[in-house]
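Architecture at a glance
Chain residues, written in single-letter form:
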Amino acid sequence: MTQPAIDVSIKELSDDIRSAIAELKVRPEIESTGVVTRIGDGVAWIYGLTSCGYNEMLTIEGTGDEHITAFAFNLGEDEIGAVILGDDTAIKAGATARLTGKVLEVPVGPELVGRVVNPLGQPLDGKGAIKASETDRVEKVAPGVLDRKGVHEPLMTGITAIDAMVPIGRGQRELLIGDRQTGKTAIAVDTMINQHRQNTGVINIYVAVGQKLSKVARLIERLKREGVMDQTIVVATSASDPASMQYLAPYAGATMGEYFRDRGQHALIIYDDLSKHAAAYRQMSLLLRRPPGREAFPGDVFYLHSRLLERAVKLSDEKGAGSLTALPIIETQAGDISAYIPTNVISITDGQIFMETNLFYQGIRPAISVGLSVSRVGGNAQTKAVKSVAKSLRINLAQFRELAAFSQFSTDLDPETRHRIERGQRLTELLKQPQYTPYSVWQMYAILLAATEGCFDTVPLDKIKTAEANLLRELKHDHPKDMEKVNTGDEPDDKLREKIVKIAHKIAESYRSEDKETK
Amino acid sequence: MKQSRHLLAQAVADKTLHIKDMKQLSREVAAYLLHEGLVDELDSLLRDVIAIRAEHGLVEAEAVSAHQLSDADLNDVRAILKEYYPHAKQVTVHQRLDANLVGGIKLVMPHQQLDESVRASISKFKSLTAERA
Ligand SMILES: Nc1ncnc2c1ncn2[C@@H]1O[C@H](COP(=O)(O)OP(=O)(O)OP(=O)(O)O)[C@@H](O)[C@H]1O
Ligand SMILES: [Mg+2]
């Protein structure tokens, strides 16, 4: 038991308080020192920093000489909850905490490109310090309506199914959503690779939230191998990082992307994934005793993602016409898009690409559900060339999937239905695309033209992919100039169009003769 | 949600019983009162604190008089306090001069007040005569 301090007198205390009040009134900065009252689970409770602002950075004295950075997350009446960025075991109750007067900032600039960093912008790739000359706030207000412009330039993914049916434009926010292991990350990675292959100059920012360390490492290896790292920043957190770091990662990545957006350049940011981000936020909030709401998420979880995704925009010409495109990823449970976090993010984004487990297991990869995927603003950004051959694709495919399901129960189909089904099957084959092979505009154009013109209707299903490869090979070798022209994105003239159709028919013909005896 | 004054007094009293660093405590209380706009309540707050501490045997009283009290006077005051607070472990008396009292002594104790000042006698006398008239 502690002995009562004998010499304590309330009279004295009263005098002390009075002089302290007088002092505080003239020296408000004294409020910038507080005392840690409790510590644990990466969270410190600090008494006395009443003038602290939300997200303001604090430094807390560690047990050694070190100072540990934290940021204010909960602002209470007389105490604040701060999230510790670093080792919380180095802090003991009674430690002094100081306001820095700064909100959380990360380094920004071209120096980060090619690097793997944590959410504080510190290097994780062992390539030495990042010599960025600028820093910027992690939390920033999104540009206002007047500073924006409609999405109108394509952000090609190189994935035919997407660029044809759910085209994405620069500055758009398109959600990649689906159950685990349905190829969500693969789409994001291919999109990054495509920026490199097509020489778009778009800077990629890949934000890994709470994934397995080995998975992130493998992804980075792949990006390096593809030569994409040279135009990519990876902000990496893994499941073993504190919730606070996982929470911060997307905002830090957004800030790094905005640097390019605000300088008339174009950047693409991938949040992989926001389900884990919401979970990290929930964990942090529970530790900080914020009242939980639906699915135990704090009530402001909507704002968590809306303020993040609002930062992806196409800027007006006055603002330099730069853009930040966002591809957030959400993992669903058993395809349920009506759960809390999926519904929220769907309502914030400009469309979604829905990945279906069923399709994935049927070998239809990328496993994109045509019916449930939309792009609300990308139509204006689609290249004319692709647009000209993609018009009826969606409807045809959707009808086909319906008919295909129905035809399973019917043995004798009328010729019209049979024809639709056969066309659909071939379209489906053509839209299958392996990983790491994004297509150029001319490749997409040729494939889609052949399909929609019915050139491949007579090719047996298991030969469709080889026929496709032959078509592309022949076009590339024999008509490089023409293909260059298609690649500009302008709609090819009728002559060129006819030329390609003719070649496709010729190739199809060769399979027909092979096939004759078997049928 | 403002903490009620009593809870605050309880917290402050608790701290005075256990901590050594009164400067830190006064800072905290000062910061709190300022932040909450409760500076005017400081006197009442401290009265509550004194009362709570008295329950723990730490009696603190103020002896107000028109003239400087002698050591003998102070001993008398301590004796009176011991009578009022038989369980007191510690008795502290603060002196304050107030010429308005004319003579005698006023003893401000936790929970109560003993006014043996000349001014009090006069006003008592006045009120008595006023009632008669
Ligand atoms: N187009 C494709 N063709 C063939 N295989 C693919 C394709 N896309 C993805 N895969 C394979 O499917 C598996 C899952 O892909 P991916 O990791 O992209 O899915 P995910 O939805 O991100 O999974 P997770 O839920 O684990 O994050 C991987 O082994 C990947 O190589
Ligand atoms: Mg993934």
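The preceding data block contains the structure.
In this report, we go over the structure that sits alongside the text. Quantities reported herein were computed from a predicted structural model and do not represent experimental measurements. (Residues numbered from 1 in each chain as written. Chains lettered and ligands numbered in written order. Predicted model: local features only at pLDDT ≥ 70, side-chain atom pairs only at ≥ 80, totals over all residues. Heavy atoms only, no water.)

**Topic: the overall build of chain A**
Within chain A, the secondary structure is distributed over 16 helices and 16 strands. Seen along its three principal axes, the alpha-carbon backbone of chain A occupies a region of about 110 × 50 × 40 Å. Burial analysis of chain A (519 residues in total) assigns 55% to the buried set. Considering only intrachain contacts with a sequence separation of at least 6, the fraction spanning at least 24 residues in chain A is 74%. For chain A, the exposed surface amounts to about 22700 Å²; the carbon and sulfur share of it is 51%. A gap of 5 Å separates the mean positions of the 63 positive and 69 negative side-chain charges of chain A. (Helix = DSSP H or I, 4+ residues; strand = E, 2+ residues; numbered from the N terminus. Buried < 20%, exposed > 50% of the residue type's maximum accessible area, 1.4 Å probe, protein only. Contact = heavy atoms within 4.5 Å. Areas by Shrake-Rupley, 256 points an atom, 1.4 Å probe, with all protein chains shown as cover. Lys, Arg positive; Asp, Glu negative; His and termini not counted. Charge placed at Lys NZ, Arg CZ, Asp CG, Glu CD.)

**A short note on helix H4 (residues 71-84) of chain B**
Compared with the 20 Å implied by 1.5 Å per residue over 14 residues, the 20 Å span of H4 of chain B between its first and last C-alpha is a close match. Where H4 of chain B is buried, its residues contact strand S1 (58-65), strand S2 (90-97) and strand S3 (104-109) of chain B. (Expected span 1.5 Å × (residues − 1).)

**Notes on the site of ligand 1**
Residues and elements named next belong to chain A. In the neighbourhood of ligand 1, 15 residues make up the surrounding shell, with Lys184, Thr185, Ala186, Lys215 and Gln435 lying closest. In this structure, an oxygen atom belonging to ligand 1 sits 2.8 Å away from a main-chain N or O atom of alanine 186. Residue glutamine 433 places a main-chain N or O atom 2.9 Å away from a nitrogen atom belonging to ligand 1. Sort the elements by how many residues they give to the shell around ligand 1 and helix H3 (residues 184-197) lands first, with 3 residues. Split by residue class, the shell around ligand 1 holds 3 nonpolar, 6 polar and 6 charged. (Near = heavy atom within 4 Å. Polar contact = N/O pair within 3.5 Å; in protein donor to acceptor, adjacent residues only side chain to side chain. Nonpolar A, V, L, I, M, F, W, Y, C, P; charged D, E, K, R; others polar.)

**Side note on empty space enclosed by the protein**
All names here are of chain A. All chains considered together, the criterion is met by 3 cavities of 30 Å³ or more. The calculated volume of the largest cavity comes to roughly 80 Å³. Together, Ala161, Met165, Ile364, Pro366, Ile368, Val370, Leu397, Arg401, Thr428, Leu431 and Lys432 line the largest cavity. Put simply, the parts of the chain that give the lining of the largest cavity at least two residues each are helix H2 (160-165), helix H11 (393-407) and helix H12 (415-431). A class-by-class count of the residues in the lining of the largest cavity yields 8 nonpolar, 1 polar and 2 charged. (1 Å grid on protein atoms, 1.4 Å probe; cavity = no way out; pocket = protein on both sides within 12 Å on 5 of 7 lines; lining within 4 Å. Points joined across faces, edges and corners; volume = space filled by probe spheres on them.)

**Description of the sheet that holds S2 of chain B**
Picture the strands of a sheet paired through backbone hydrogen bonds; they go either parallel or antiparallel. Residues and elements named next belong to chain B. The mixed open sheet is built from 4 strands, whose spatial order is S2-S1-S3-S4. Here the strands that pair on one side only, and so sit at the sheet edges, are S2 and strand S4 (112-117). In this sheet, neighbouring strand axes are inclined to one another by 20 degrees on average, regardless of whether the strands run parallel or antiparallel. Pairing geometry for S3 and S4, over 6 bridges, is antiparallel. In the strand pairing of S4, methionine 109 is matched with glutamine 112. Contacts from H4 reach S1, S2, S3 and S4 within the one sheet, and its direction differs from that of S2 by about 130 degrees. (Pairing = 2+ DSSP bridges. Axes fitted to C-alpha atoms, helices over the stretch in contact; angles between N-to-C directions.)

**Concerning the nonpolar core**
All names here are of chain A. Ranked by internal contacts, the top residues of the largest apolar core, which has 76 residues, are Phe456 and Leu471. With 10 residues, the top contributor of residues to this core is helix H13 (residues 441-452). Ignoring sequence-local partners within four residues, the contact set of leucine 471 consists of Ala446, Ala450, Phe456, Ile503, Ala504 and Ile507. Core analysis: the second largest hydrophobic core is formed by 58 residues, Leu304, Ala312, Ala326 and Ile330 among them. (Core = buried A, V, L, I, M, F, W, Y, C linked by side-chain atoms within 4.5 Å.)

**Considerations on the layout of surface pockets**
One simple way to see leftover space: roll a probe sized like a water molecule over the atoms. Residue and element names in this part refer to chain A. The space that makes up the largest pocket amounts to roughly 1000 Å³. Together, 36 residues line the largest pocket, and Gln181, Thr185, Ala186, Lys215 and Gln435 are the ones closest to its centre. Counting residues per element, the ones that place at least two in the lining of the largest pocket are H3, strand S11 (203-211), helix H4 (213-225) and strand S14 (323-331). When grouped by side-chain class, the residues that make up the lining of the largest pocket number 13 nonpolar, 10 polar and 13 charged.

**Description of a nonpolar patch on the surface**
Residue and element names in this part refer to chain B. Nonpolar side chains collect at one region of the surface, where Val102, Val118 and Ile122 lie side by side and expose about 220 Å² of accessible area between them. Within the secondary structure, valine 118 sits in helix H5 (residues 118-132). In this structure valine 118 comes out as partly exposed when scored by relative accessible area, which is 31%. (Patch = residues over 30% accessible without salt bridge, like charges linked within 9 Å, V, L, I, M, F, W, Y side chains within 5 Å. Salt bridge = Lys/Arg side-chain N within 4 Å of Asp/Glu carboxyl O.)

**Re helix H3 (residues 42-55) of chain B**
Look at H3 of chain B: 20 Å from first C-alpha to last across 14 residues, which is about the 20 Å you get at 1.5 Å a residue. Listing the buried residues of H3 of chain B in full gives Leu42, Ser44, Leu45, Leu46, Asp48, Val49, Ile50, Ala51, Ile52, Arg53 and Ala54 of chain B.

**Considering the packing of aromatic side chains**
All names here are of chain A. Tallied over the full model, the rule gives 9 aromatic pairs over all chains. Centre to centre, the rings of phenylalanine 73 and tyrosine 281 are 5.9 Å apart; their planes meet at 80 degrees, and the pair counts as edge-to-face. On the criterion of sequence distance, the pair formed by phenylalanine 73 in strand S4 (residues 67-75) and tyrosine 281 in helix H6 (residues 274-287) is long-range, its members being 208 residues apart. Using a relative accessible area of 1% as the deciding quantity, one classes phenylalanine 73 as buried. Seen in terms of ring centroids, phenylalanine 360 and tyrosine 361 are 5.7 Å apart; in terms of plane orientation they differ by 90 degrees. Their pairing is edge-to-face. Here a set of aromatic residues connected by ring pairs shows up, and it is made of Tyr54, Phe71, Phe73, Tyr247, Tyr251 and Tyr281. Note that arginine 222 overlies the ring of tyrosine 436, its terminal NZ or CZ placed 3.5 Å from the centroid. The positively charged end of arginine 365 is found above the aromatic ring belonging to phenylalanine 360, 3.9 Å away from the centroid. (Phe/Tyr/Trp six-rings, centres within 6.5 Å; stacked < 30°, edge-to-face > 60°. Lys NZ or Arg CZ within 6 Å of the ring centre and 35° of its normal.)

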